[in-house]
Amino acid sequence: MLLSDIFEKYPDRQYLMFGGKGGLGKTTFSAATAYYLAKKGKRVLVFSVDPQASLSDIFEKDIFGQGNVEIIPNLFACEVDADQRVKNYQDEIRQKIIDMYGMKKIPEEIESYIQASSAEPAMEESAIFDAVVDIVVKGDFDYYIYDLVPLGHALYYLSMASIYDAWLEKITGLREQMREYDKAIAAMTREDDTAQDEIYNELMYIKNRIGASSKIMTDTKKTAFFFVLTPEEMIIADTENAAKLFAKYDVPLAGYLVNRVIDRALLKENIPPYLKNRIAMQAGALDTINKRLGSSVLSWVPEFDSEIKGLKSIRDLAEVMFEEKLS
Ligand SMILES: Nc1ncnc2c1ncn2[C@@H]1O[C@H](COP(=O)(O)OP(=O)(O)OP(=O)(O)O)[C@@H](O)[C@H]1O
Ligand SMILES: [Mg+2]
């Protein structure tokens, strides 16, 4: 099957993810796929939470922390600024404290507490998670392409969704129970229980958002997850292990994309021994890929003679990836 067939055959799969080890071509393929789909008239958002701002690099445009930036008609890119999101959280918390207690200024001890808690890695993770949920639940695009950070993190993200889910299940369950008690007490004492309800509603709101996003991520009908690999034995082994782990989280695997395949025809030319060796090494690895993943490989992408940056080379890559001429 061709990569383009996947999109024709499964038009409901509007959440696309490219996973794989560091530096294999996830961002490059995310950008090229976004370009291809936009050229086909689809409204596409390609987004990343990577602080390295790699979409800015590939599109040669500063988009970090700028919201959805239009690259070409129909193609939008977004780089989430997690630090900024954490700062916004802090401001919100400060404002809430000021409002609740009618203070003019946050007391020193509370301020240092706020500072300390936002230095926690969990805070940044949750800011990122929240940003992604924001993006996917809004639903303004035909396609969402999530340019993932290297594998470990993607797995972390998925496990986080299920942990969050379990945790919230528990909390909301408890709260529901509490609410029953509260109601009984309130009825006896005629106390107002709207404050309690606010907390409960907030929890339900979070729960529904997380539910919606983790459902999307693991919904075979809506999601296509692609693995990017290169013809190297170590990478193949790592990819297979990762694929097993992803299966454990029920992530629907759409197929594999093999990147950086060196043109074998070069062997007929006068080329340096190191290149000959690399081609021989790739030949072995390509055999392994064919044997183990064969029919699940959707595209074989050649090694380009320069890095892929800017719209022209993105288009060149998209054309070979999708085996189709584009304007
Ligand atoms: N087929 C190719 N030919 C030549 N260069 C390529 C090819 N594919 C990717 N590259 C280059 O390899 C580098 C890494 O690619 P890319 O940034 O897409 O990887 P990544 O998987 O997103 O990395 P990270 O894990 O750091 O996010 C980039 O400089 C890119 O231009
Ligand atoms: Mg990347």
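None of the values given here were measured: they were computed from a predicted structure.

### Remarks on the overall build of the protein
- Secondary structure summary: the protein contains 11 helices and 8 strands in total.
- Per-residue burial over the protein gives 46% buried out of 327 residues.
- A separation threshold of at least 6 residues defines the contact pool for the protein, and within that pool the share at least 24 residues apart is 74%.
- Surface exposure of the protein reaches about 17,700 Å², of which carbon and sulfur atoms provide 53%.

### So, the site of ligand 1
- Around ligand 1, the surrounding shell holds 17 residues, and the nearest of these are K26, T27, T28, F304 and I308.
- Side-chain polar atom of N259 to a nitrogen atom of ligand 1: 2.9 Å apart, as the coordinates give it.
- Protein chains bury 81% of the 630 Å² of accessible surface belonging to ligand 1 in isolation.
- If you list the elements that add at least two residues to the shell around ligand 1, you get α2 (26-39) and β7 (253-261).
- For the shell around ligand 1, the leading source of residues is α2, giving 3 residues.
- Looking at the shell around ligand 1 residue by residue, the class counts come to 5 nonpolar, 7 polar and 5 charged.

### Structural notes on the pairing of strand β3 (residues 69-72)
- Note that β3 and strand β4 (residues 75-79) share 3 bridges and pair antiparallel. Its bridge partner being in β4, E70 is matched across the sheet by F76.
- Between the end of β3 and the start of β4, which pair antiparallel, lie 2 residues, with N74 showing a positive phi angle near 80 degrees.

### A word on the pairing of β4
- Burial analysis of β4 places 5 of its 5 residues in the buried class, which makes it a mostly covered element.
- Burial along β4 is two-sided: the face carrying L75, A77 and E79 and the face carrying F76 and C78 are both buried.
- The pairing of strand β2 (residues 44-48) with β4 spans 5 bridges and is parallel. Each residue of the ladder has a partner; that of S48, found in β4, is E79.

### A short note on the sheet that holds β7
- Spatial ordering of the open sheet is given by β3-β4-β2-β5-β1-β6-β7-β8, a layout of 8 strands whose pairing is mixed. Both edges of this open sheet fall to β3 and β8 (297-302), since each of them pairs with a single strand only. Here the average twist between neighbouring strands, direction ignored, is 25 degrees.
- When β7 meets β8, the two strands line up parallel, connected through 4 bridges. For L257, the partnering residue across the bridge sits in β8 and is S299.
- This element, helix α9 (residues 233-248), spans β6 (223-229) and β7 of the sheet and lies at about 160 degrees to β6.
- Set on the sheet, helix α10 (residues 273-292) makes contact with β6, β7 and β8; between it and β7 the angle comes to about 170 degrees.

### A closer look at the pattern of salt bridges
- Enumeration according to the criterion identifies 10 salt bridges in this entry.
- Among the ionic pairs, K40 bridges to E324, the shortest N-O distance being 2.4 Å. With K40 in the loop between α2 and β2 and E324 in the segment after α11 (310-322), this pair connects stretches of sequence that are 284 residues apart.
- Given the relative accessible area of 41%, K40 is considered partly exposed.
- Classification of E324 as partly exposed rests on a relative accessible area of 26%.
- The partner of K309 in a salt bridge is E307, and the shortest N-O contact between them spans 4.0 Å.
- Take E307: its relative accessible area is 61%, and that puts it in the exposed class.
- Each of D91, R94 and E111 takes part in salt bridges that share partners, so that together they form one network.

Parameters and conventions
- Throughout this document, residue positions are counted from 1 along each chain, in the order its sequence is written.
- Key to labels: chains lettered from A, ligands numbered from 1, both in the order written.
- Residue-level local features of this predicted model are given only where pLDDT is at least 70; pairs of side-chain atoms are given and counted only at 80 or more, and the full residue set underlies all totals for whole chains, interfaces and linings.
- Side-chain descriptors were evaluated using all non-hydrogen atoms of the structure, hydrogens and water having been removed beforehand.
- Secondary structure elements follow DSSP: runs of H or I of four or more residues count as helices, runs of E of two or more count as strands, with numbering from the N terminus.
- Three labels apply to residues, based on accessible area from a 1.4 Å probe with only protein chains included: buried if under 20% of the type maximum, exposed if over 50%, partly exposed otherwise in between.
- Whether two residues touch is decided by their heavy atoms; if any such pair falls within 4.5 Å, the residues are in contact.
- Each accessible area is a Shrake-Rupley estimate made with a 1.4 Å probe; only the visible protein chains count as cover when residues are assessed.
- When at least one non-hydrogen atom of a residue lies within 4 Å of a molecule or strand, that residue is treated as near it.
- Polar contacts, as counted here, are pairs of nitrogen or oxygen atoms within 3.5 Å of one another; within protein the pair requires one atom able to donate a hydrogen and one able to accept it, and residues that are adjacent in sequence qualify only if both atoms are side-chain atoms.
- We call Asp, Glu, Lys and Arg charged. Ala, Val, Leu, Ile, Met, Phe, Trp, Tyr, Cys and Pro are nonpolar, and the rest, Gly among them, are polar.
- Strands qualify as paired when DSSP identifies two bridges or more between them.
- Axis definition: a line fitted to C-alpha atoms, limited for helices to the stretch in contact. Angles are taken between N-to-C directions and run from 0 to 180 degrees.
- Just to be clear on terms, a salt bridge is a Lys or Arg side-chain nitrogen sitting within 4 Å of an Asp or Glu carboxyl oxygen.

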